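# Chains, contacts and geometry: an overview
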Amino acid sequence: MQLNSAPSLSYDLQQWSQGYQSQPHEYDYWIEDIEGEIPQDLDGTLLRNGPGLLDIGGYPIAHPFDGDGMVSAIAFRGGRAHYRNRFVRTQGYVEEQKAGKPLYRGVFGTQKPGGWLANLFDLRIKNLANTHIIYWGDRLLALWEGAEPHRLDPQTLETLALDHLDGLLKPGQAFSAHPKIDPYGDRTNPCLVNFSIQPGLKSQLTIWELNRNGQPLRQSTHEIPGFCFIHDFAITPQYYVFFQNPVSFNPFPFFLGLRGPGECINFDRQNPTQVWVIPRQGNQPIKKIEVNSGFVFHHVNAFEEGNQIVVDSIGYESFPEVEPGSDFRYTDFNQLAPSQLWRFRLDLNHKRGDNAPHRWRDRQLLESRCCEFPQIHPQWVGKSHRYVYLGAAHHHQGSAPLQGILKRDNQSGETQFWSAAPHGFVSEPVFIPQPGSEGEDEGWIVSVVYESQKHRSDIIILDAQNLERGPTARLHLQHHIPYGLHGSWISNQQLGIGRSGVQTKH
Ligand SMILES: [Fe+2]
């Protein structure tokens, strides 16, 4: 009898890698091939962003994060759905499509053809606009963390221009791809909170809060010692929370045309993560607390509890470093440690000097299954959330592509899981509250699933209260969407479109 044998793979690597084929076409059609029924009160648009091209004129890119941003809009209205996608016409996209080859180097290793000499001392980086898409202050913005957003037309997805938020951003200034919407930020109105990092030996962190019209409510700038690679952050009613991952940066291989800057980052395993707790208002000092978090890309949420701040995050044992010359399409998942859901407790009474014992009692593993792309009900941002939704691996153990949607109940510790294995691969699950509902899990989970056997993508709609019942509706697209990154939901009410379909906002 064989004990503790590893479970068989739930996926075929070749099938998974097909989801990274470029999608060069732009579509515009009503989705007619539907299993099940679209809920009548699902009334708005799911927006997705991610790399649409994994090659430029036949030259493969080195990492999906280097792919040109392609935005998809799935508009729901009266039980029907419409699909549209458009590439963000960034300067680099337009120039490279015309040239038929890469003209820029990518952050994660894409090089111009011609070897290192062709790349030597070329430090220009393309604003990819490929990471997130949000609608705020009557602007639809495609985000990329290294530079300013691109503004798109919310009806047509046409690229309008770079957007500097009425002069708030300097040309080229970063505006992170992970803004947070504080549901009670401006007393009763929501506000958008976002940040910018200017890395260096001392990194400059700028934080903005914008009201619902996109006008600044607050702005602050802070100096953080050392190099910062901070992709995401968290907020509570009183604080901003930043995890400064323990990494260092050696820029010389980038200068010499040998590596992308993302390949010059080294994880310093022996060092703790520096957590910066920054008051949103008043003159309280900034607190630095050390934790042992491994590497964190994404946070779930944070909230205050007595003298503690609780932060739920997806932790990696180390930074998933990009090996130059390796092909991401043939990732050996068996060699990777799984990304897992952790809870960190930050003691606000913590004093400098007592870090060592603090590091080890401050974290708790909530979910060991490999997972990423966490989402919660948007009204629970900054307060104690009960439910979290994640893209997750099919099996409980080990690292693997995301094939299912996991719901975790933090109160009971129970989980629900729906899987698209063996041929399906999921993207970020977006939670959409049911109109007029108050319960934290009253709503739908919508996700894009790549169906590898048919080489096309489905949009699935799950009842957030009962994932295991399977999709309420499954919308078969006519084509595939390459694996995406982040997206958001805009209700037709937010867009100013009445139930009749007539624009009501002026
Ligand atoms: Fe992200």
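The rules behind the values
- Residues numbered from 1 in each chain as written.
- Predicted model: local features only at pLDDT ≥ 70, side-chain atom pairs only at ≥ 80, totals over all residues.
- Heavy atoms only, no water.
- Buried < 20%, exposed > 50% of the residue type's maximum accessible area, 1.4 Å probe, protein only.
- Helix = DSSP H or I, 4+ residues; strand = E, 2+ residues; numbered from the N terminus.
- Salt bridge = Lys/Arg side-chain N within 4 Å of Asp/Glu carboxyl O.
- Donors = N, O, S within 2.8 Å, 3.2 Å for Na, K, Ca; no water.
- Tetrahedral: all angles 85-135°; square planar, octahedral: opposite > 155°, others 65-115°.
- Phe/Tyr/Trp six-rings, centres within 6.5 Å; stacked < 30°, edge-to-face > 60°.
- Lys NZ or Arg CZ within 6 Å of the ring centre and 35° of its normal.
- Pairing = 2+ DSSP bridges.
- Axes fitted to C-alpha atoms, helices over the stretch in contact; angles between N-to-C directions.
- Arc of directions from axis to C-beta.
- Contact = heavy atoms within 4.5 Å.
- Patch = residues over 30% accessible without salt bridge, like charges linked within 9 Å, V, L, I, M, F, W, Y side chains within 5 Å.
- Areas by Shrake-Rupley, 256 points an atom, 1.4 Å probe, with all protein chains shown as cover.

This paragraph deals with the pairing of strand E20 (residues 273–279). Among the seven residues in E20, seven count as buried, and that is most of the element. Residues of E20 alternate between two faces, with Thr273, Val275, Val277 and Pro279 on one and Gln274, Trp276 and Ile278 on the opposite face, all of them buried.

So, about the pattern of salt bridges. Pairing of side chains with opposite charge becomes possible as their charged atoms draw close. Under the definition given, this model contains 25 salt bridges. When the shortest N-O distance is used, the salt bridge between glutamate 32 and arginine 80 registers 3.6 Å. On the criterion of sequence distance, the pair formed by glutamate 32 in the loop between strand E1 (28–30) and strand E2 (34–36) and arginine 80 in strand E7 (residues 80–87) is long-range, its members being 48 residues apart. Given the relative accessible area of 39%, arginine 80 is considered partly exposed. Among the ionic pairs, arginine 456 bridges to aspartate 458, the shortest N-O distance being 3.9 Å. This pair shows no difference in class: arginine 456 is buried, exactly as aspartate 458 is. Here the salt bridges share partners, and the residues they tie into one network are Asp33, Glu451, Arg456, Asp458 and Arg474.

Around the iron ion, the donor atoms from the protein are His178 (NE2), His231 (NE2), His298 (NE2) and His486 (NE2), and they sit 2.1 Å away. In this structure, the iron ion is coordinated by four donor atoms arranged in irregular fashion, with angles at the metal of 92 to 159°. Sequence spacing of the donors to the iron ion: H-x52-H-x66-H-x187-H. Linking histidine 178 in the loop between strand E11 (159–162) and strand E12 (180–186) with histidine 298 in strand E22 (residues 295–305), this pair joins segments that are 120 residues apart in sequence. Per residue, the accessibility class of histidine 178 equals that of histidine 298, and both read buried.

A word on the packing of aromatic side chains. Enumeration according to the criterion identifies 23 aromatic pairs in this entry. Note on tyrosine 20 and tyrosine 483: the rings are 4.8 Å apart at their centroids and 80° apart in plane angle, and the pair reads as edge-to-face. Of this pair, tyrosine 20 sits in the loop between helix H1 (13–18) and E1 while tyrosine 483 sits in the loop between strand E34 (473–476) and strand E35 (487–491), and the two are 463 residues apart along the sequence. Each of the two residues, tyrosine 20 as well as tyrosine 483, counts as buried. For the ring pair phenylalanine 243 and phenylalanine 344, a centre distance of 5.4 Å and an interplane angle of 70° mean the geometry is edge-to-face. Of this pair, phenylalanine 243 sits in strand E17 (residues 239–244) while phenylalanine 344 sits in strand E24 (residues 340–347), placing them 101 residues apart in sequence. Of the two residues, phenylalanine 243 and phenylalanine 344, neither departs from the other in class, the shared state being buried. Three or more aromatic residues joined by ring pairs make a cluster, and in this case those are Tyr11, Trp16, Tyr20, Phe328, Phe333, Phe425, Tyr450 and Tyr483. Positioned above the aromatic ring of tyrosine 387, the side-chain terminus of lysine 407 is 4.5 Å from the ring centre.

Pairing within the open sheet is antiparallel, and its four strands lie in the order E26-E27-E28-E29. The open sheet terminates on both sides in strands that have one partner only, identified here as strand E26 (371–375) and strand E29 (415–419). The sheet shows a mean angle of 25° between the axes of neighbouring strands, direction not considered. Bridge count for strand E27 (residues 387–392) against strand E28 (residues 404–409) is six bridges, and the pairing is antiparallel. Within E28, the position partnered with leucine 390 by the bridge is leucine 406.

Let's shift gears to unusual backbone geometry. Put simply, alanine 421 and proline 422 share a cis peptide bond, and its omega is 5°. Within the secondary structure, proline 422 sits in the loop between E29 and strand E30 (424–426). With a phi close to 65°, leucine 157 is a non-glycine residue in the positive phi region. If you trace the backbone, leucine 157 turns up in the loop between strand E10 (150–152) and E11.

Right, let's talk about the sheet that holds strand E13 (residues 189–198) for a bit. The strands making up a sheet associate through backbone hydrogen bonding, with each pair oriented either parallel or antiparallel. Taken in spatial order, the four strands line up as E12-E13-E14-E15 in an open sheet, and their pairing is antiparallel. The two strands at the open ends of the sheet, each matched to only one other strand, are E12 and strand E15 (216–225). Between one strand axis and the next, the sheet turns through 25° on average, direction left out of account. Relative to E15, strand E14 (residues 202–210) runs antiparallel, the two being bridged by nine bridges. Following the sheet pairing, leucine 210 is matched in E15 by proline 216.

Turning to the environment of leucine 140, a few remarks are in order. Mapped onto the elements, leucine 140 comes out in strand E9 (residues 139–143). Looking at leucine 140, the relative accessible area reads 1%, which means it is buried. Residues leucine 140 and leucine 160 lie 20 residues apart in sequence; the distance between their C-alpha atoms is 9.8 Å.

This brings us to helix H2 (residues 91–99). Those residues of H2 that sit buried are Gly92, Tyr93 and Glu96. Buried residues in H2, looked at end-on, bunch into an arc of 95°, giving them a common side. For H2, the exposed residues lying more than 90 degrees away from the buried face are Gln91 and Lys98. Buried residues in H2 make contact with strand E4 (55–56) and E7. Positive phi shows up at glycine 100, right after H2, with a value of about 75°.

Attention now goes to a nonpolar patch on the surface. On the surface, Trp116, Leu117, Phe252, Leu256 and Leu258 cluster together into a nonpolar patch covering about 550 Å² of accessible area. With respect to the element layout, leucine 117 can be found in helix H3 (residues 115–119).

To continue, consider the pairing of strand E8 (residues 132–136). For E8, the tally of buried residues reaches five of five residues, placing the bulk of the element in the interior. Because side chains alternate across E8, one face comprises the buried residues His132, Ile134 and Trp136, and the other comprises Ile133 and Tyr135, equally buried. As paired elements, E8 and E9 share five bridges and run antiparallel to each other. Bridge pairing in E9 places histidine 132 opposite leucine 143.

Take lysine 112: it is sitting in the loop between H2 and H3. When neighbours within four sequence positions are excluded, lysine 112 is seen to be in contact with Pro102, Leu103, Tyr104, Arg105, Ala118, Asn119, Asp122 and Arg124.

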